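Residue-level structure breakdown
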Amino acid sequence: MIRGYSPRRYLMCPPEHFRVAYAINPWMDPGKPVDTALAVAQWEALRERYRALGHTVDELAPRRELPDMVFAANGATVLGGRVLGARFAHRERAEEADAHHDWYTTHGFTEVRPAEHTNEGEGDFTPTASWLLAARGFRSDPLAVQEAQEYFGRPAIGLHLVDPAFYHLDTALCVLAGDEIMYYPGAFSPGSRAVLRRLFPDALLATAEDARAFGLNAVSDGHHVLLPQEASGLVEPLRLRGYEPVPVHLSELLKGGGSVKCCTAEIRG
Ligand code: ARG
């Protein structure tokens, strides 16, 4: 069954050392204080939500010198048990790729490949039932699209992001189930918008307001869709399609330019 709930395995990294120490996306302001205790509490609530919904959550040990490590979705892409490592665009995050690589190699994964070209994991790569959507524009290298296609053996659809507020694919597009997606057209180039219309004519289109509230930085298990509570405009359209929206509170992590999906790497067996 393609549509409908299935239990997932996630990898998350606690925000014990989360802070906004530098600015590599327009949402980050190092002058704005972060309440770390609140970030941890919000993150733990998300983790417990996943567990209550029947999902498995593994944890990656945070490192003090890597304040963005909480955004675990960026560290690798896992599909069919095969792991493609990340290679970060910014040196501030470069070592996170090693932490993810080590985690996979010590947790029974035998196909773990370091990336040749810059890619920020599930920040820019997301599989649907038929394709691997692969974005570039701000972080991932266009050559990473080909690299991922070859490694996973799944047709990769290259998409071009054009608005710096939506610097990663997962800030502008979310796979709900199978080949059903929701996205914000304004984040993409005209050509990519045409590609998305062609492949996903029935997609749920988000407003700029919901996209700016990180409503597309959501995680779907095929039925429940966990999304930031500020993106309230998506709740009704999701319900009408038979999904169960689960609003979560992640305000502290928004200061780093991330929300639900950024904190959640999916380990696809
Ligand atoms: N501060 C991080 C960065 O700019 C946030 C990453 C968000 N992660 C994501 N999957 N979009 O790299």
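Everything discussed here concerns the structure shown above.
Criteria and cut-off values
Residues numbered from 1 in each chain as written. Predicted model: local features only at pLDDT ≥ 70, side-chain atom pairs only at ≥ 80, totals over all residues. Heavy atoms only, no water. Near = heavy atom within 4 Å. Polar contact = N/O pair within 3.5 Å; in protein donor to acceptor, adjacent residues only side chain to side chain. Areas by Shrake-Rupley, 256 points an atom, 1.4 Å probe, with all protein chains shown as cover. Nonpolar A, V, L, I, M, F, W, Y, C, P; charged D, E, K, R; others polar. Helix = DSSP H or I, 4+ residues; strand = E, 2+ residues; numbered from the N terminus. Buried < 20%, exposed > 50% of the residue type's maximum accessible area, 1.4 Å probe, protein only. Contact = heavy atoms within 4.5 Å. Phe/Tyr/Trp six-rings, centres within 6.5 Å; stacked < 30°, edge-to-face > 60°. Core = buried A, V, L, I, M, F, W, Y, C linked by side-chain atoms within 4.5 Å. 1 Å grid on protein atoms, 1.4 Å probe; cavity = no way out; pocket = protein on both sides within 12 Å on 5 of 7 lines; lining within 4 Å. Points joined across faces, edges and corners; volume = space filled by probe spheres on them. Salt bridge = Lys/Arg side-chain N within 4 Å of Asp/Glu carboxyl O. Patch = residues over 30% accessible without salt bridge, like charges linked within 9 Å, V, L, I, M, F, W, Y side chains within 5 Å. Lys, Arg positive; Asp, Glu negative; His and termini not counted. Charge placed at Lys NZ, Arg CZ, Asp CG, Glu CD.

**Here's the deal with the site of the ligand**
- Neighbouring residues of the ligand: 15 residues in total, closest Asn25, Arg93, His168, Asp170 and Cys262.
- Taking Asn74, its side chain carries an N or O atom lying 3.0 Å from a nitrogen atom of the ligand.
- Within the side chain of Asp170, an N or O atom sits 2.6 Å from a nitrogen atom of the ligand.
- Here the ligand has 350 Å² of accessible area as a free molecule, and 100% of this is covered by the chains.
- Classifying every residue of the shell around the ligand gives five nonpolar, six polar and four charged.

**Brief notes about the environment of Gly222**
- Along the polypeptide, Gly222 turns up in the loop between strand E12 (219-220) and strand E13 (224-228).
- On the basis of relative accessibility, which here comes to 5%, the residue Gly222 falls in the buried class.
- For the pair formed by Gly222 and His107, sequence separation is 115 residues and the distance between their alpha carbons is 26 Å.
- Filtering out sequence-adjacent residues up to four positions away, Gly222 remains in contact with Gly4, Tyr5, Arg8, Leu176, Ala177 and Tyr243.

**Concerning the packing of aromatic side chains**
- Enumeration according to the criterion identifies 10 aromatic pairs in this entry.
- Their ring planes at 90° and their centres at 5.9 Å tell us that Phe18 and Phe71 sit as a pair that is edge-to-face. Taken together, the positions of Phe18 in the loop between strand E1 (9-12) and helix H1 (36-52) and Phe71 in the loop between strand E2 (56-59) and strand E3 (76-79) put the pair 53 residues apart, joining distant regions of the chain.
- According to the relative accessible area criterion, Phe18 is buried, its value standing at 2%.
- In this structure an aromatic cluster arises from ring pairing among Trp103, Tyr104 and Phe109.

**Let's talk about the nonpolar core**
- Counting residues in each nonpolar core, the largest one holds 36 residues, and the members touching the most others are Leu159, Leu173, Met182, Phe188 and Leu238.
- Of all the secondary-structure elements, those providing two or more residues to this core are strand E7 (132-136), strand E8 (156-160), strand E9 (173-177), strand E10 (180-183) and E13.
- Not counting residues up to four positions away in its chain, the partners in contact with Leu173 are Thr126, Leu133, Leu159, Ile181, Met182, Tyr183, Phe188, Leu196 and Leu216.
- Counting 24 residues, the second-largest nonpolar core is a separate cluster that includes Val20, Trp43, Val219 and Cys262.

**Quick notes on the environment of Pro114**
- Following the sequence through the fold, Pro114 ends up in the loop between strand E5 (112-113) and strand E6 (125-127).
- Here the alpha-carbon distance between Pro114 and His100, two residues 14 residues apart in the chain, equals 10 Å.
- Setting aside residues no more than four positions away along its own chain, Pro114 makes contact with His101 and Glu147.

**Quick look at the layout of surface pockets**
- Put simply, the largest pocket is a space of about 510 Å³.
- Around the largest pocket sit 32 residues that line it, and Arg8, Pro127, Val175, Glu266 and Arg268 are the ones nearest its centre.
- Of all the secondary-structure elements, those providing two or more residues to the lining of the largest pocket are E1, E6, E9 and E12.
- The element best represented in the lining of the largest pocket is E9, accounting for five residues.
- For the lining of the largest pocket, the per-class residue count stands at 16 nonpolar, eight polar and eight charged.

**Structural notes on the pattern of salt bridges**
- The final tally for this structure, using the stated rule, is 16 salt bridges.
- Of the charged contacts in the structure, one is a salt bridge between Lys261 and Glu122, with a shortest N-O distance of 3.0 Å. Residue Lys261 is located in the loop between helix H7 (251-254) and strand E15 (265-266), and its partner Glu122 is located in the loop between E5 and E6; the two are separated by 139 residues in the primary sequence.
- Note on Lys261: relative accessible area 10%, which makes it buried.
- Across the pair Arg268 and Glu122 runs a salt bridge, and its minimum N-O distance is 2.8 Å.

**A closer look at the environment of Cys263**
- Relative to the assigned elements, Cys263 resides in the loop between H7 and E15.
- Each C-alpha atom, one on Cys263 and one on Met12, is 6.1 Å from the other, the two residues being 251 residues apart in sequence.
- Setting aside chain neighbours within four positions, we find Cys263 in contact with Leu11, Met12, Trp43, Leu46, Val70, Phe71, Ala72 and Leu253.

**With respect to a negative patch on the surface**
- Taken together, Glu65, Glu95, Asp98 and Asp102 make up a surface patch of like negative charges.
- Within the element layout of this structure, Asp98 appears in helix H2 (residues 96-105).

**Some thoughts on empty space enclosed by the protein**
- Taken as a whole, this structure holds two cavities of 30 Å³ or more when the rule is applied.
- Volume-wise, the largest cavity comes out at about 70 Å³.
- Contributing to the lining of the largest cavity are 14 residues, with Asn25, Phe71, Arg93, Tyr167 and Gly256 lying nearest its centre.
- Considering only enclosed or pocket space, the second largest cavity measures out at about 40 Å³ in volume.
- The wall of the second largest cavity is formed by Cys13, Pro14, Pro15, Glu16, His17, Phe18, Pro62, Leu66, Pro67, Met69 and Val70.
- Each residue belonging to the lining of the second largest cavity can be placed in one class, and the counts come to nine nonpolar, one polar and one charged.

Purely geometric numbers; function is a separate question.
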